Amino acid sequence: MFEIVARQEMAQGTIISNWVKAPKIAKKAKPGQFVILRANEKGERIPLTMADTDPEKGLINIIYMVVGKSTALFKTLKVGDSYLDVIGPLGQPTHLEKVGKVVCVGGGTGIAVLYPITRGLKQMGNYVYSVIGARSKDLLILEDEMKAASDELFICTDDGTYGHKGFVTDVLKKVLTEHQDIGLAVCIGPVPMMKFCSLMTKEFGVKTLVSLNPIMVDGTGMCGCCRVQVGGKMQFACVDGPEFDGHETDFEELTLRLRSYLPEEKASYDLFQKEHAPGCSCQK
Ligand SMILES: Cc1cc2nc3c(=O)[nH]c(=O)nc-3n(C[C@H](O)[C@H](O)[C@H](O)COP(=O)(O)OP(=O)(O)OC[C@H]3O[C@@H](n4cnc5c(N)ncnc54)[C@H](O)[C@@H]3O)c2cc1C
Ligand code: FES
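Okay, so let's go over this structure. (Residues numbered from 1 in each chain as written. Chains lettered and ligands numbered in written order. Predicted model: local features only at pLDDT ≥ 70, side-chain atom pairs only at ≥ 80, totals over all residues. Heavy atoms only, no water.)

## Observations regarding the overall build of the protein
In terms of regular secondary structure, the protein is built from nine helices and 16 strands. For 284 residues, the compact-globule estimate of 2.2 N^0.38 gives 19 Å, and the protein sits close to it at 19 Å. Each of the 284 residues in the protein was classed as buried or not, and the buried ones make up 48%. Taking as baseline every contact in the protein between residues at least 6 positions apart, the subset at least 24 positions apart corresponds to 65%. (Helix = DSSP H or I, 4+ residues; strand = E, 2+ residues; numbered from the N terminus. Rg over C-alpha atoms; globule rule 2.2 N^0.38 Å. Buried < 20%, exposed > 50% of the residue type's maximum accessible area, 1.4 Å probe, protein only. Contact = heavy atoms within 4.5 Å.)

This is the structure we're talking about:
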């Protein structure tokens, strides 16, 4: 059992941060890697990136957005409750190297995935420009952490409630125009954001990493569920990724595959919400 020792609600309760006891994983995990968790015996296996680790205390930090049944079930777990399984570390760690100047771009919960990579790139001695964005100020996460991990931090909100009004791509373009010697971009967030960031960095000829989030089941390369097309070749995101070259990624196919089970996912979430509605006796 993997106990939750700290829990924080962020972004008006739509994003949850858990510190979970998982000493063996905490000792081995590197930036860019993820775990697969189950809340209980009947639970679905859910992949989440480790936003941080504390090897000395044996803890890992996961930060997730509540988007459907399983993440809503995770949200019901309080401090002292446990996940039934946590498997990891999974996936390839980010290849961290000194390239000089880098730009890290994160949107929504993608910022949680981006944070350990940004910190790692700074620790390698890179000069780090970071651009983070959310729909509005209330939904922005990890601003202080990203500030500490960057040399320069730019903030964007779609509605203009904080920082630049507009998308992260607007600021990315400005940074790339003003600093033509940037050697690497890391862009992590919703699929359309990663696609448009990659199109932009391609114009500037800047190598770009994105972190892909296809549906996963086993996380060990056995089921084939997480296949993605990169550079015309089939790759399994769980073992070959989750990071890939943004200029080579087929974002259209990824989008279609992510939508494969939308009706089932909606029905399952609706039922969960009904069963957990105040006054419902289904769970008693
Ligand atoms: C390597 C990896 C790392 C991830 N890291 C994070 C993270 O740090 N924080 C975070 O908020 N989210 C992360 N995700 C996405 C997260 O796994 C999904 O949001 C979650 O599985 C949704 O489950 P649900 O039952 O709540 O929602 P559902 O209603 O089942 O699904 C909502 C959407 O989530 C996606 N999804 C559903 N099931 C899975 C699955 N088994 N595997 C992957 N995606 C699925 C689909 O696009 C689906 O349309 C990551 C995904 C991957 C592959
Ligand atoms: S999740 Fe099964 S092969 Fe990747």
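## Digging into the pattern of salt bridges
Throughout the structure, instances matching the rule amount to nine salt bridges. Salt-bridge contacts for glutamate 178 lead to lysine 174; the nearest nitrogen and oxygen are separated by 3.3 Å. You can see glutamate 178 and its partner lysine 174 sitting in helix 5 (residues 168–178), four residues apart, about one turn around the helix. Accessibility classification places glutamate 178 together with lysine 174 in one group, the exposed group. A salt bridge links glutamate 252 to lysine 195, with the shortest nitrogen-to-oxygen separation between them at 2.7 Å. Taken as a pair, glutamate 252 in helix 8 (residues 251–258) and lysine 195 in helix 6 (residues 191–204) lie far apart in primary sequence, 57 residues in all. (Salt bridge = Lys/Arg side-chain N within 4 Å of Asp/Glu carboxyl O.)

## Overview of the site of ligand 1
Pro47, Ile63, Met65, Thr71 and Glu265 are the nearest of the 24 residues found near ligand 1. Between ligand 1 and the protein, one listed contact pairs a nitrogen atom with a backbone N or O atom of methionine 216 at 2.9 Å. Relative to its free-state accessible area of 850 Å², ligand 1 is covered by the protein chains to the extent of 88%. Among the elements of the structure, strand 4 (46–54), strand 5 (59–65), helix 2 (69–75) and helix 9 (262–275) are those that each provide at least two residues to the shell around ligand 1. (Near = heavy atom within 4 Å. Polar contact = N/O pair within 3.5 Å; in protein donor to acceptor, adjacent residues only side chain to side chain. Areas by Shrake-Rupley, 256 points an atom, 1.4 Å probe, with all protein chains shown as cover.)

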